[in-house]
Amino acid sequence: MVHCPEPDALTTHVRSFAQMLTERQGERLPQWLDAVRRDDLPSLHTLAAGIERDRDAVIAGLTLPWNSGIVEGHVNRIKMLKRQMFGRAGFALLRKRALLAS
């Protein structure tokens, strides 16, 4: 059986990143970025460049236990209410529905 090295390398990098994410190992990010740059995977190079632009924030996000998940959930719920009511009613009714739905 013939193996293609690109998908194997991609799988390794994705699994390694997933492990960093689930186990909160942000301190491993610099080594992960170096490993990605050594392989010929242009799509991952683009991802690595984006991560590098905000490296400290990504490391904090991969390391610290805090997140904005609850806030994002509320924002998503309000946007859904807004989409449901588009063109039907004004802000007063939207406000009432948002307050009653919480």
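Within any chain, residue numbers begin from 1 and follow the written order of that chain's sequence. Restriction of local features to residues with pLDDT of at least 70 applies here, the model being predicted, together with a cutoff of 80 or more for giving and counting side-chain atom pairs; totals for whole chains, interfaces and linings are based on all residues. Think of the side-chain values as coming from all heavy atoms in the structure, minus any hydrogens and water.

Caption draft 1: Broad picture of helix H5 (residues 69-85). A run of DSSP states H or I qualifies as a helix once it reaches four residues; a run of E qualifies as a strand once it reaches two. Both are numbered from the N-terminal end. Expected span of a helix, by definition, is 1.5 Å for each gap between consecutive residues, and there is one gap fewer than residues. Taking 1.5 Å per residue as the helical rise, H5 with its 17 residues ought to reach 24 Å, and the 25 Å between its terminal C-alpha atoms agrees with that figure. Summary of the burial criterion: residues with accessible area below 20% of their type's maximum are buried, those above 50% are exposed, and those between are partly exposed, where the area comes from a 1.4 Å probe applied to protein chains only. Listed as buried for H5 are Arg 77, Leu 81 and Met 85. The buried side chains of H5 occupy one side of the element, clustering within an arc of 70 degrees when seen end-on. Looking at H5, the residues exposed on the side facing more than 90 degrees away from the buried face are Lys 82 and Arg 83. Each C-beta atom gives one direction from the helix axis, and the arc is the one those directions make.

Caption draft 2: Quick peek at the environment of Val 36. Looking at where Val 36 falls in the secondary structure, it is placed in helix H2 (residues 29-38). For Val 36, a relative accessible area of 0% puts it in the buried group. Separated by 42 residues in sequence, Val 36 and Ile 78 place their C-alpha atoms 39 Å apart. Ignoring anything within four residues of it in the chain, the contact list for Val 36 reads His 13, Leu 44, His 45 and Ala 48. Residue contacts follow a heavy-atom distance rule, with two residues in contact if any of their heavy atoms lie within 4.5 Å.

Caption draft 3: Fine view of the side chain of Ser 16. Relative to the assigned elements, Ser 16 resides in helix H1 (residues 5-22). The exposure class of Ser 16 is buried, given its relative accessible area of 19%. The residues contacting Ser 16, other than those within four sequence positions of it, are Arg 28 and Trp 32.

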